[in-house]
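Examining the three-dimensional arrangement
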Amino acid sequence: MKVGEMKKEMVYVLKESVATVTFIKKDGTERVMQATLQTELLPIQKPKPEGFVAKKPNDEVVAVFDTEANDFRSFRIDSVISFFSNKVAMPDVRGLING
């Protein structure tokens with residue numbers, strides 16, 4: 001599965017549930033996060049300031065809401081070790097990614 005396809009699948013699951021994502025941070029440490037994109041669990045967004053320019057989407061990164069930190073975080077698809085929710089179980093994400 002390509003990275004872009006993996007991202008689409010993860011985002012689909014995250015919009016429907018909370019997932020436990022285990023990944024390697026940039027500093028090399030392992031992190032376990034309770035992540036979601038469920039609308040009802042996201043904080044109310046403040047209006048963007050005038051002149052705000054959104055970042056260009058990156059197919060290799062998923063931005064999520066961390067339910068334990070109560071803030072937005074992101075992770076690189078290629079750094080994910082495992083991804084579990086009540087919808088899907090991917091115990092070896094690195095083994096599923098090709099190119």
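It should be noted that the structure appears before, not after, this text.
With that out of the way, let us pick up the overall build of the chain. Looking only at helices and strands, the chain features two helices and six strands. Tracing the chain from N to C terminus, the helices and strands come up as α-β-β-β-β-β-β-α. Computed over its C-alpha atoms, the radius of gyration of the chain comes to 14 Å, within 12% of the 13 Å expected for a compact globule of 99 residues. Projected onto its principal axes, the C-alpha coordinates of the chain cover approximately 45 × 25 × 25 Å. Evaluated residue by residue, the chain yields a buried proportion of 33% over its 99 residues. The long-range share in the chain, meaning contacts at least 24 apart out of those at least 6 apart in sequence, stands at 54%. Entry remark: accessible area of the chain is about 6700 Å², with carbon and sulfur atoms responsible for 53%.

Further remarks concern the nonpolar core. One broad trend across soluble globular proteins is that nonpolar side chains are buried collectively. In this structure, Met10, Phe75 and Phe83 are the most contacted members of the largest nonpolar core, which totals 22 residues. For this core, the secondary-structure elements that each account for two or more residues are helix H1 (3-16), strand E1 (18-24), strand E2 (30-36), strand E3 (61-66) and strand E5 (80-84). By residue number, the principal contributor to this core is H1, which donates six residues. In this structure, Phe75 is in contact with Met10, Val21, Phe23, Met33, Glu60, Val61, Val62, Val64 and Val80, ignoring residues within four places of it in sequence.

So, about the side chain of Gln34. Among the structural elements, Gln34 can be located in strand E2. Reaching out from Gln34, the side chain makes a polar contact with the side chain of Thr20 at a distance of 3.1 Å. Not counting residues up to four positions away in its chain, the partners in contact with Gln34 are Val18, Ala19, Thr20, Phe65, Asp66, Thr67 and Glu68.

With that settled, the discussion passes to the pairing of E2. Inspection of the sheet shows E1 paired to E2 by seven bridges, in the antiparallel sense. Bridged to Val21 within E2 is Met33. Where E2 meets E3, two bridges bridge the pair, whose relative direction is antiparallel. The residue bridging Thr36 from the neighbouring strand is Phe65, located in E3.

Turning our attention to the packing of aromatic side chains. Per the counting criterion, the structure on display carries two aromatic pairs. Between Phe65 and Phe72 the ring centres are 5.2 Å apart and the planes differ by 70 degrees, which places this aromatic pair in the edge-to-face class. For Phe65, a relative accessible area of 3% translates into the label buried. The aromatic ring of Phe52 is capped on one face by Lys48, whose charged end is 5.4 Å from the ring centroid.

Rules used throughout
- Residues numbered from 1 in each chain as written.
- Predicted model: local features only at pLDDT ≥ 70, side-chain atom pairs only at ≥ 80, totals over all residues.
- Heavy atoms only, no water.
- Helix = DSSP H or I, 4+ residues; strand = E, 2+ residues; numbered from the N terminus.
- Rg over C-alpha atoms; globule rule 2.2 N^0.38 Å.
- Buried < 20%, exposed > 50% of the residue type's maximum accessible area, 1.4 Å probe, protein only.
- Contact = heavy atoms within 4.5 Å.
- Areas by Shrake-Rupley, 256 points an atom, 1.4 Å probe, with all protein chains shown as cover.
- Core = buried A, V, L, I, M, F, W, Y, C linked by side-chain atoms within 4.5 Å.
- Polar contact = N/O pair within 3.5 Å; in protein donor to acceptor, adjacent residues only side chain to side chain.
- Pairing = 2+ DSSP bridges.
- Phe/Tyr/Trp six-rings, centres within 6.5 Å; stacked < 30°, edge-to-face > 60°.
- Lys NZ or Arg CZ within 6 Å of the ring centre and 35° of its normal.

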